[in-house]
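# Structural description and commentary
Residue strings, one per chain:
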2 protein chains.
Amino acid sequence: MVKADTKTVLLDAAEWAARRHGHDGFSYADLSKHVGIRTASIHYHFPAKTDLITALMTRYKGAIAKKLAKLDQDLDSSGDRILGFLDLYRTALNGGDTLCLCVALSMGRDTLTEETLRQIADFRGQTLAWLQEVFALAAQDGSIRNVCDPSKEAAAALALAEGAQVSARSEQNMQRFDHATEMMRQRIRSGPSAAAL
Amino acid sequence: MVKADTKTVLLDAAEWAARRHGHDGFSYADLSKHVGIRTASIHYHFPAKTDLITALMTRYKGAIAKKLAKLDQDLDSSGDRILGFLDLYRTALNGGDTLCLCVALSMGRDTLTEETLRQIADFRGQTLAWLQEVFALAAQDGSIRNVCDPSKEAAAALALAEGAQVSARSEQNMQRFDHATEMMRQRIRSGPSAAAL
DNA sequence: GTCTATAACGGGATAGAC
DNA sequence: GTCTATCCCGTTATAGAC
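What this report covers is the structure whose coordinates are included nearby. What you see is a predicted model, and the numbers here were worked out from it, not measured in a lab.

### So, the protein's contact with DNA strand C
- The full set close to DNA strand C counts 16 residues, and Arg-38, Ser-41 and His-45 of chain A together with Ser-27 and Lys-49 of chain B are the nearest of them.
- Interatomic distance of 3.0 Å between a backbone N/O atom of Tyr-28 of chain B and a phosphate oxygen of DNA strand C.
- Lys-49 of chain B is positioned such that a nitrogen or oxygen atom in its backbone is 2.8 Å from a phosphate oxygen of DNA strand C.
- Going through the elements one at a time, α3 (39-45) of chain A together with α2 (28-35) and α3 (39-45) of chain B are the ones with two or more residues in the surface near DNA strand C.
- If you tally residues by element for the surface near DNA strand C, the top one is α3 of chain A, at four residues.
- Split by residue class, the surface near DNA strand C holds eight nonpolar, six polar and two charged.

### Focus: the pattern of salt bridges
- Taken as a whole, this structure holds 26 salt bridges over all chains when the rule is applied.
- The partner of Arg-124 of chain A in a salt bridge is Glu-162 of chain A, with the nearest N and O atoms 3.0 Å apart. Here Glu-162 of chain A lies in helix α8 (residues 150-170) and Arg-124 of chain A lies in helix α7 (residues 114-141), a separation of 38 residues in the sequence.
- With a relative accessible area of 1%, Glu-162 of chain A lands in the buried category.
- For Asp-74 of chain B, the salt bridge is made with Lys-70 of chain B, and the minimal N-O distance between the two is 2.6 Å. Of this pair, Asp-74 of chain B and Lys-70 of chain B are both found in helix α4 (residues 49-74), four residues apart, which corresponds to roughly one turn of the helix.
- Sharing partners across several salt bridges, the network here consists of Asp-12, Glu-15, Arg-19 and Arg-59 of chain A.

### Observations concerning the interface of chain A and chain B
- At the junction of the two partners, chain A supplies 43 residues and chain B supplies 43 residues.
- Across the chain A to chain B interface the summed buried area is about 3600 Å²; carbon plus sulfur atoms make up 61%.
- If you look at where chain A meets chain B, you find zero salt bridges.
- At the surface where chain A touches chain B, the tally comes to four residue pairs in polar contact (both at pLDDT 80 or more).
- Of all the elements in the fold, those that place two or more residues in the side of chain A that touches chain B are α1 (6-21), α6 (101-107), α7, α8 and α9 (174-189) of chain A.
- The biggest single contributor to the side of chain A that touches chain B is α8 of chain A, with 14 residues.

### Side note on the nonpolar core
- Leu-52, Ile-82 and Leu-131 of chain A together with Leu-52, Phe-85 and Leu-131 of chain B are the most contacted members of the largest nonpolar core, which totals 120 residues.
- Residues in contact with Leu-131 of chain B, not counting those within four places in the same chain, are Ile-82, Phe-85, Ala-154, Ala-157 and Leu-158 of chain B.

### Quick notes on the protein's contact with DNA strand D
- Taken together, 16 residues are adjacent to DNA strand D, and Ser-27 and Lys-49 of chain A together with Arg-38, Ser-41 and His-45 of chain B come closest.
- One of the backbone N or O atoms of Tyr-28 of chain A is found 3.0 Å from a phosphate oxygen in DNA strand D.
- Arg-38 of chain B places a main-chain nitrogen or oxygen 2.6 Å from a phosphate oxygen of DNA strand D.
- Only α2 (28-35) and α3 of chain A together with α3 of chain B provide two or more residues apiece to the surface near DNA strand D.
- Here the surface near DNA strand D gets four residues from one element, more than from any other, and that element is α3 of chain B.
- Taken together, the residues of the surface near DNA strand D sort by class into eight nonpolar, six polar and two charged.

### Focus on the relation of the copies chain A and chain B
- Laying chain A over chain B is done by rotating through 180° and shifting 0.0 Å along the axis; what remains is an RMSD of 0.0 Å. Taken together, these values place the two copies in the relation of a two-fold axis. Across chain A, the rotation axis passes nearest the C-alpha of Gly-163 of chain A, at a separation of 1.9 Å.
- When the interface residues of chain A are mapped onto chain B, 100% of them again fall at the interface, so both copies present the same face.

### Points about the environment of Leu-93 of chain A
All names here are of chain A.
- Note on placement: Leu-93 falls in the loop between α5 (78-92) and α6.
- Given a relative accessible area of 0%, Leu-93 falls into the buried group.
- In sequence terms Leu-93 and Arg-20 are 73 residues apart; their C-alpha atoms lie 9.4 Å from each other.
- When residues no more than four places from it in sequence are discounted, the contact partners of Leu-93 are Thr-98, Leu-99, Gln-165, Ala-168, Arg-169, Met-174 and Phe-177.

### Side note on helix α8 (residues 150-170) of chain B
- An ideal rise of 1.5 Å per residue puts 30 Å on 21 residues; α8 of chain B measures up with 30 Å between its terminal C-alpha atoms.
- Looking one or two residues past α8 of chain B, Gln-172 of chain B carries a phi angle of roughly 45°, positive in sign.

### Some points on α2 of chain A
Residues and elements named next belong to chain A.
- Three or more residues of α2 are buried, namely Tyr-28, Leu-31 and Ser-32. The buried residues of α2 occupy an angular sector of 105° when projected down its axis, which confines them to one face. Counted as exposed and oriented over 90 degrees from the buried face of α2: Lys-33 and His-34.
- Looking one or two places after α2, you find Gly-36, whose phi comes out positive at around 90°.

What counts, and at which threshold
- Residues numbered from 1 in each chain as written.
- Chains lettered and ligands numbered in written order.
- Predicted model: local features only at pLDDT ≥ 70, side-chain atom pairs only at ≥ 80, totals over all residues.
- Heavy atoms only, no water.
- Near = heavy atom within 4 Å.
- Polar contact = N/O pair within 3.5 Å; in protein donor to acceptor, adjacent residues only side chain to side chain.
- Helix = DSSP H or I, 4+ residues; strand = E, 2+ residues; numbered from the N terminus.
- Nonpolar A, V, L, I, M, F, W, Y, C, P; charged D, E, K, R; others polar.
- Salt bridge = Lys/Arg side-chain N within 4 Å of Asp/Glu carboxyl O.
- Buried < 20%, exposed > 50% of the residue type's maximum accessible area, 1.4 Å probe, protein only.
- Contact = heavy atoms within 4.5 Å.
- Buried area = accessible area lost by both parts, 1.4 Å probe.
- Core = buried A, V, L, I, M, F, W, Y, C linked by side-chain atoms within 4.5 Å.
- Least-squares fit on C-alpha atoms with pLDDT ≥ 70 in both.
- Expected span 1.5 Å × (residues − 1).
- Arc of directions from axis to C-beta.

Structure below.
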């Protein structure tokens, strides 16, 4: 816990780079500059780039799982949890510099391993499952208006958040994200409505 | 019109490749194989890769503008136009193989020129303007339920369509797209509702 | 664990013959 | 317009010294 071991420092640099530039947009040479050891030394820790990516996705999935669990712990209403979810994706943008790792890797060319593709699908599955539960709760606590089928709500919410990230990053403009997600927030803010969708 | 000139054949191949693999995911060597002329010959038509990308985006923007105009021409209700819009993005997926060129390039690394970035923003601006008009019409013809501010509706609809494309492509599964966009379609299909958002 | 050195390859791009 | 040949660079990855 006390010393920042090299592997962790490498993963930190790699996560940043991958979320900024995508899978094919960063090299061991880039990491070498940031971390201060030679590319050959990086290969000692992660023999192939795919090993790096795999470790990255595993760590990232766990980190997001924790954040989603914390939202459940800290917030009672489904509406607040969705607001927390949107804020998670907003924060991940870092002012338009970085995407969610999952989105960033999704775009990479077919350089990706089957294993990595599976991890990406797993990650989306984890998020979709969480969203689905929140929308199921929403059907009960009424803190989100016009709730439809939770599964469809979850799929739509994730697509909205990811799409909003993509356009915000491509113009490095956070307003794009805020604008695209404003309607979703309005379904929560202004209190429950009698009308079902 | 009769002979397929080399430039057009190159653009066709490049568009397919770019939408499939992103900016850094295809090379002149790839085009060379598909088109049947050497890489040096491609440089004759497009001296630098950025020239190719610029020409690609220009042509693409015009093509989509035509398709959107055709939707306006063929369809009277705002609801049908949005359904047409979603189908446009669905078709662009080609079964999970290709993205909208704009989305595919958005993910590329910072290899992109300032000019290209401007073109990408322009393209989104064109689509957003069209969507905004459709939602403004919706506020009048009532063929879409719970219509909010047209500008926010447009931003949300574009993010939804792009995000749905990304997840569908990353798993090569069209159902992801259909699932994520189902709610939007339901706002149209089942007739107008008395409830405002 | 980290280094130097190097292999092996693929990328964009140019020169000059035809 | 298309070709062959070539350049230069960046990338992943390995061998072997320290």
